[in-house]
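Close look at the chain arrangement
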Amino acid sequence: MTDTTPSSFPTHGLHTSAAAQDRLRRRYAAERRFRLYGIAAIVAALGVLAVLLFTIVSQGYTAFVNTEIELEVYVDPADFTFEGTTPTAEEIGAGNYRNLLSSALAENLPNADAPGAARDLRGVLSGQGYRQLRARLLAEPSLIGQRVSMSFLASSDIDQAFKGNTPRVVPEERRRVSNLQYEWMDYLENQGQISTSFNSNLFTQADSRQPEQAGLWGAIVGSFYLMLVVAVLSIPLGVGAAIYLEEFAPKNRLTSFIEININNLAAVPSIIFGLLGLAVFIQVFGLPRSAPLVGGLALTLMTLPTIIIAARASLRSIPPSIREAAYGLGASKMQMVFHHVLPLALPGILTGSIIGLAQALGETAPLLMIGMNAFITSAPDSMFSPSTALPSQIYIWADSSERGFVERTSAGIMVLLGFLILMNATAIFLRKRFEKRW
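Described below are features of the structure shown in this document. (Residues numbered from 1 in each chain as written. Predicted model: local features only at pLDDT ≥ 70, side-chain atom pairs only at ≥ 80, totals over all residues. Heavy atoms only, no water.)

**Section: helix α11 (residues 270-284)**
We apply this condition: Each helix is a run of H or I in the DSSP string that is no shorter than four residues. Each strand is a run of E no shorter than two, and both are numbered from the N terminus. Multiplying 1.5 Å by the residue count of a helix minus one yields the expected span of that helix. The bend reported for a residue corresponds to the angle between axes fitted to the seven residues ending at that residue and the seven starting there. When a residue's accessible area, from a 1.4 Å probe over protein chains only, is under 20% of the maximum for its type it is buried; when over 50% it is exposed; and in between it is partly exposed. We call two residues in contact whenever any of their non-hydrogen atoms come within 4.5 Å of each other.
A rise of 1.5 Å per residue sets the reference length of α11, with its 15 residues, at 21 Å; its end C-alpha atoms lie 20 Å apart and thus fit the reference within 8%. The largest bend along α11 measures about 25° and falls at G277. Those residues of α11 that fall on the buried side of the exposure criterion are S270, F273, G274, G277, L278, F281 and I282. Close packing links the buried residues of α11 with α10 (253-265), α12 (292-316) and α15 (365-369). Looking one or two residues past α11, G286 carries a phi angle of roughly 75°, positive in sign.

What follows is the structure, encoded as structure tokens:
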């Protein structure tokens, strides 16, 4: 048998001469430099990502808790107007709750009668405190004339000061919290009457002018309606178009023109789709502005090229032998595509579709063009109701200068990242779950 190992071939001095050795050293050095460049690029990317995540988390984790103050309130009947012996809900709801809470604060806090203290007292509790007390009395009218111990939401300024987000060393005239309010906050902390708890408002309430009352619920519901419209329209249309172009369409100039334009549409800036949605769906068809239906239609146009390209790549990856085997068994072209090729391509199609939906969930520019950045204080009850979405809500809060909205902006980004990570994890799971090797 002939020896074919590399050592058996004549080298004729190709690898032993000084010039050859020098070329080898330079080639190996270039390879080492390339590896170092690659490692440096990965380390730099991870470093930037770590800084970004650290900045977001360090600024936003405090938004997941809020500050509450426990007070004993005397529900003075003099603050209500009753015409009969049994108070009605209207009479209870019309009570002077501002005076009730001001009196309770004056009883519980030291130096509350100092000059100028009345203005500071009004800045201790959130406006939600009045609604909390009203709801309690409406549920239990028998508490009128008695003392009630309740926890009330602190104002945004007190909340930020108690969390340590506003430095106390700043001169008083440059702070939103006065020295007297800091004195009260320290007193309440020593008495165990001020504490932090989980901020359920962030997930149960819509937007508000008051940072401590602002939540993401309206934006979450709006994003749900958006994704519903995008998923219902873009996945069937995108996958159907990909199947036709890849399996049934004749290969001619028209098909090539369509394919080129689909690829080009994937690179079009997203704000162009927003302008298209504004011009067509709102101005031509008269659909309501700021509605999730219009936003979903605009995002569908943006997502379709991504899904079509991903689905076509997945269909193209199926080996020709699968198709030939199906034909060999007597299958028609329709049976070959839908019974053999499509099931094998399904993991890639699902992955591409979910990634397209995740891209749509994080888009802001098209939503700004159709008015989904309006100040809306309630969650939408249909696809035609005015609404915001998670990215546009983050944009609105980022435009506010109050410290309370700064932490909510970061918290909104964390929630949005959580949804995106969940969608990408679902895509990976589906690909692993249905992937078949041959």
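And the narrative resumes.
**A word on a nonpolar patch on the surface**
As a reminder, the rule being used: Each patch is built from salt-bridge-free residues with over 30% relative accessible area, joining like charges within 9 Å and nonpolar side chains (Val, Leu, Ile, Met, Phe, Trp, Tyr) within 5 Å. Method for areas: the Shrake-Rupley scheme with a 1.4 Å probe, in which residue coverage is limited to the protein chains shown. We define a salt bridge as a side-chain nitrogen of Lys or Arg found within 4 Å of a carboxyl oxygen belonging to Asp or Glu.
Residues I42, L46, L49, L52, L53, L417 and I421 make up a contiguous nonpolar surface patch of roughly 650 Å² in combined accessible area. Within the residue set of the nonpolar patch, elements represented by two or more residues are α1 (18-60) and α17 (403-434). Looking at which element gives the most residues to the nonpolar patch, the answer is α1, with five residues. Here I421 is to be found in helix α17. The class of I421 is exposed, set by a relative accessible area of 60%.

**Some details on the pattern of salt bridges**
Under the counting rule described, the total for this entry stands at 16 salt bridges. The partner of K163 in a salt bridge is E407, and the shortest N-O contact between them spans 3.2 Å. Placement of the pair is K163 in helix α6 (residues 156-163) and E407 in helix α17, with a sequence separation of 244 residues. Side by side, K163 and E407 carry an identical accessibility label, which is buried. Because the salt bridges share partners, they merge into one network encompassing D159, K163, E407 and R408.

**A few points about unusual backbone geometry**
Of note, the phi angle at N111 is positive, near 55°, even though the residue is not glycine. The residue N111 is located in the loop between α3 (97-108) and α4 (117-122) in this model. Phi angles above zero are rare outside glycine, and S290 is one such case at about 70°. With respect to the secondary-structure elements, S290 resides in the loop between α11 and α12.

**Remarks on the side chain of D79**
Selection rule: Polar contacts here mean pairs of N or O atoms no more than 3.5 Å apart (in protein, one a potential hydrogen donor and the other a potential acceptor; neighbouring residues in sequence count only if both atoms are side-chain atoms).
For D79, the location among the structural elements is in the loop between β1 (65-74) and α2 (89-93). Polar contacts involving the side chain of D79 include one to the side chain of N99, which spans 2.9 Å. The residues contacting D79, other than those within four sequence positions of it, are G95, N96, N99 and L100.

**Some points on the nonpolar core**
Heads up, the rule is: As used in this record, nonpolar core signifies buried Ala, Val, Leu, Ile, Met, Phe, Trp, Tyr and Cys residues forming a set joined through side-chain atoms within 4.5 Å.
Grouped together as the largest cluster of nonpolar side chains are 42 residues, with contacts concentrated most on L216, L226, M227, L299 and L367. At the level of secondary structure, the elements contributing two or more residues to this core comprise α9 (217-248), α11, α12, α14 (333-361), α16 (390-398) and α17. The dominant element in this core, judged by the number of residues it contributes, is α17, at eight residues. Excluding anything up to four places from it in sequence, L367 contacts L226, G295, L299, M372, N373, A389 and P391. Core analysis: the next-biggest nonpolar cluster, separate from the first, contains 35 residues, L105, L109, L121 and I144 among them.

**Looking at the pairing of β1**
Operational definition: Think of it this way: DSSP has to see at least two bridges between two strands before they count as a pair.
Pairing of β1 with strand β3 (residues 194-198) involves five bridges; the strand directions are antiparallel. Looking across to β3, one finds that I69 is bridged to I194. Across seven bridges, the pairing between β1 and strand β2 (residues 147-153) is antiparallel. The residue of β2 that forms the bridge with E68 is L153.

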